[in-house]
Structures are given as structure tokens and as C-alpha cells.
Amino acid sequence: MLGEGITKVCFILCILSFGVCKTLMAEPTPLTLPEAEQITIMIAPELKQLQATSEAFAQQAIADGQLPDPKLMTGAINVPVNSFSFTQDDMTMVEIGVQQSFPPGDTLAIKSKQTLEKSNAEKRKAEDQTVLLVRIVREIWLNLYYWTQSAHVVQENRALYRQLLKAAESMNSVGKGTLSDITQAQLELSRLDDQEIQIQQQIDVLRAQLARYVGQAHAKRPLSNSLPQWSSPPPFNTLETCL
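What counts, and where the lines are drawn
Residues numbered from 1 in each chain as written. Predicted model: local features only at pLDDT ≥ 70, side-chain atom pairs only at ≥ 80, totals over all residues. Heavy atoms only, no water. Helix = DSSP H or I, 4+ residues; strand = E, 2+ residues; numbered from the N terminus. Buried < 20%, exposed > 50% of the residue type's maximum accessible area, 1.4 Å probe, protein only. Contact = heavy atoms within 4.5 Å. Areas by Shrake-Rupley, 256 points an atom, 1.4 Å probe, with all protein chains shown as cover. Core = buried A, V, L, I, M, F, W, Y, C linked by side-chain atoms within 4.5 Å. Salt bridge = Lys/Arg side-chain N within 4 Å of Asp/Glu carboxyl O. Polar contact = N/O pair within 3.5 Å; in protein donor to acceptor, adjacent residues only side chain to side chain. Patch = residues over 30% accessible without salt bridge, like charges linked within 9 Å, V, L, I, M, F, W, Y side chains within 5 Å. Expected span 1.5 Å × (residues − 1). pLDDT = per-residue confidence, 0-100.

Undergrad: Is there a simple way to explain the overall build of the protein in this structure?
TA: Check the secondary structure of the protein and you find seven helices and two strands. Out of the 243 residues in the protein, the part that is buried amounts to 20%. Within the protein, contacts between residues at least 6 apart in sequence are counted, and of these 76% link residues at least 24 apart. Only carbon and sulfur atoms are counted for the fraction: they give 60% of the accessible area of the protein, which is about 18000 Å².

Undergrad: I would appreciate a short explanation of the nonpolar core in the present structure.
TA: Within soluble globular proteins, side chains that are nonpolar generally end up buried alongside one another. Leu31, Trp141, Leu210 and Val214 are the most contacted members of the largest nonpolar core, which totals 26 residues. Breaking this core down by element, the ones donating at least two residues are helix 2 (33-43), helix 3 (45-64), helix 4 (107-173) and helix 5 (179-214). With nine residues, the top contributor of residues to this core is helix 4. For Val214, the contacting residues outside a window of four places in its chain are Ala36, Ile39, Thr40, Ile43 and Ala219.

Undergrad: Mind showing me how you'd approach the environment of Ser190 here?
TA: Checked against the element boundaries, Ser190 lands in helix 5. Assessed through its relative accessible area of 37%, Ser190 is described here as partly exposed. Note: C-alpha distance between Ser190 and Arg158 (32 residues apart in sequence) is 9.3 Å.

Undergrad: When you look at the pattern of salt bridges in this model, what are you seeing that I'm missing?
TA: A side chain with one charge can pair with a side chain of the opposite charge if their charged atoms come near. Under the counting rule described, the total for this entry stands at eight salt bridges. With a closest N to O distance of 3.0 Å, Arg221 and Glu35 form a salt bridge. Placement of Arg221 in the loop between helix 6 (216-219) and helix 7 (236-242) and of Glu35 in helix 2 is noted, with a sequence separation of 186 residues between them. Taking relative accessible area as the criterion, Arg221 reaches 9% and is therefore assigned buried. Residue classification places Glu35 among the partly exposed residues on the basis of a relative accessible area of 26%.

Undergrad: For this particular structure, what's the right way to read the environment of Ser150?
TA: With respect to the helices and strands, the residue Ser150 is situated in helix 4. On the accessibility criterion, Ser150 (16% relative accessible area) is buried. The spacing of Ser150 and Gln200 is 50 residues in sequence and 9.8 Å in space, taken between C-alpha atoms. There is a polar contact of 2.9 Å between the side chain of Ser150 and the backbone oxygen of Tyr146.

Undergrad: How should I be thinking about a nonpolar patch on the surface in this particular structure?
TA: A surface patch of nonpolar side chains, about 370 Å² in accessible area, is lined by Leu72, Ile96 and Val98. Residue placement: Ile96 occurs in strand 2 (residues 93-99).

Undergrad: Please clarify how helix 3 should be interpreted in this entry.
TA: In an α-helix there are 3.6 residues to a turn, and that puts residues three or four apart on one side. Between the first and last C-alpha of helix 3 there are 28 Å, a value that for 20 residues agrees with the 28 Å anticipated at 1.5 Å per step. Lining the buried residues of helix 3 we find helix 2 and helix 4.

Undergrad: Got a minute to help me understand the confidence of the model for the protein in this structure?
TA: Detailed reading of the predicted coordinates is not advisable wherever pLDDT falls low. When the pLDDT values of the protein are averaged, the result is 82; 81% of them are 70 or greater. Below a pLDDT of 50 lies the segment residues 5-24, which in the model reaches zero contacts outside its immediate sequence neighbourhood of four places, other chains included.

Structure below.
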């Protein structure tokens, strides 16, 4: 009975292990264009640098608008130089005070405003850089989508011509076909092979470019088979007015 129970437990563990391995070996989720753009914005080191600089200037602007820290002043008067005793002479005194400087006019407000403008300038740079990165990643993703779909079309055409070649060979074996049909199918298959090599080279180049912005792991993921739904552009007159 004990041996039978152990066998059942081992069998259950094997099933669970198989399920875990199957989950781990599952295909990665497709990379959509909005996700690629979001990843780019999240990990771009230049954006992090600009945002950090803007935040530093913003904090400095607050400090520039405040009075400088007061200084504690201490001193002694009429201390005998022969003994340096504070109790020898009744005229010996110890002074303790606080010194606070007040910059003239609106110096603090002006300085704070200047520093805040530096913060806003860095923020605008970050916004411009974000637009640039999104445009670059969008172009790469769309080009990669085009060549990936082209590769699918070539694969489908190859399967079709292989069937045609097989049919031509069968017809020729029974004397109903011609060698030209076989030759034509073979030439088309050779042409498709060349096209697939060229397309794969384009895909490799584009994935390497995409990895620069989203990382190697995300760049290796398959692309989504659907394009994002963009809203229609505004009328030309509206665009012309905004220029």
C-alpha cells in the first residue's frame, strides 16, 4: 500500500512539473506598438537624466527663494591677555548673537525664478525628447511589422509552389505534364528563397534597432498581428492654422 501511495504521489508531481514546464515554455506575448512606445519612455536613460536635472533645479529654486540660514555669533570683550581669565576683570563680557543677512530688493525672488526657468527648460527638453523617441520607435515597429508580414506572404507562396511542383512532377510521371511546368515551379521556389533571405536580413536589422530602445528581451518578442487604431487627422485648414 505504501509503495502504491508513493507511486501515485510521484505521478501527480510529474503531471504538475509537466504543467509548469509547459507554462514556462509558452510563447511570449506579442509586442504591440503602444507597449513598445511605453517601454521606450520608461527605460530611456536620456529622459531619466533630463527629468532628474529638472527636478534638481525645481528643488534648488525653492532654496533660492528663501533667506540664507542665520549664523550664530560668539565673542569675548576685555579678556585679560596675561591670564585669559573671564572672572579676573568685571569688565570682561561674553557676547552671543544671531546674524541674519537680508538680500536687497527682490533678489531672492528673481534668483528663484531664474532657477525655476532652468527647471522648466529641462522639462521641455524631456518632452521634446519623448516625442522624438516615440516617433523613432514607431517607425521601426511599423517597418518591422511590414517585413514580418512580407515574410508570412513569402512562406505562404512557397507552400503553394511546393504543391504546384509536386503536382507537376506527378503529372509528368504519368506523361500528362511538361518539364517546363516543373522548371517554372522550381524557379519560383528559388526566387522565393532569395526573397526570404533578403526579408530576414531586414528583420534582423530592424530588431537590432528596436533593441536599442526597448531592450533585447522585448525586441525578440513577436509583433502583434494588428495595427493600432489611430484617430483621423484634423482637416488641412486646422493643421495650417497651427503652423
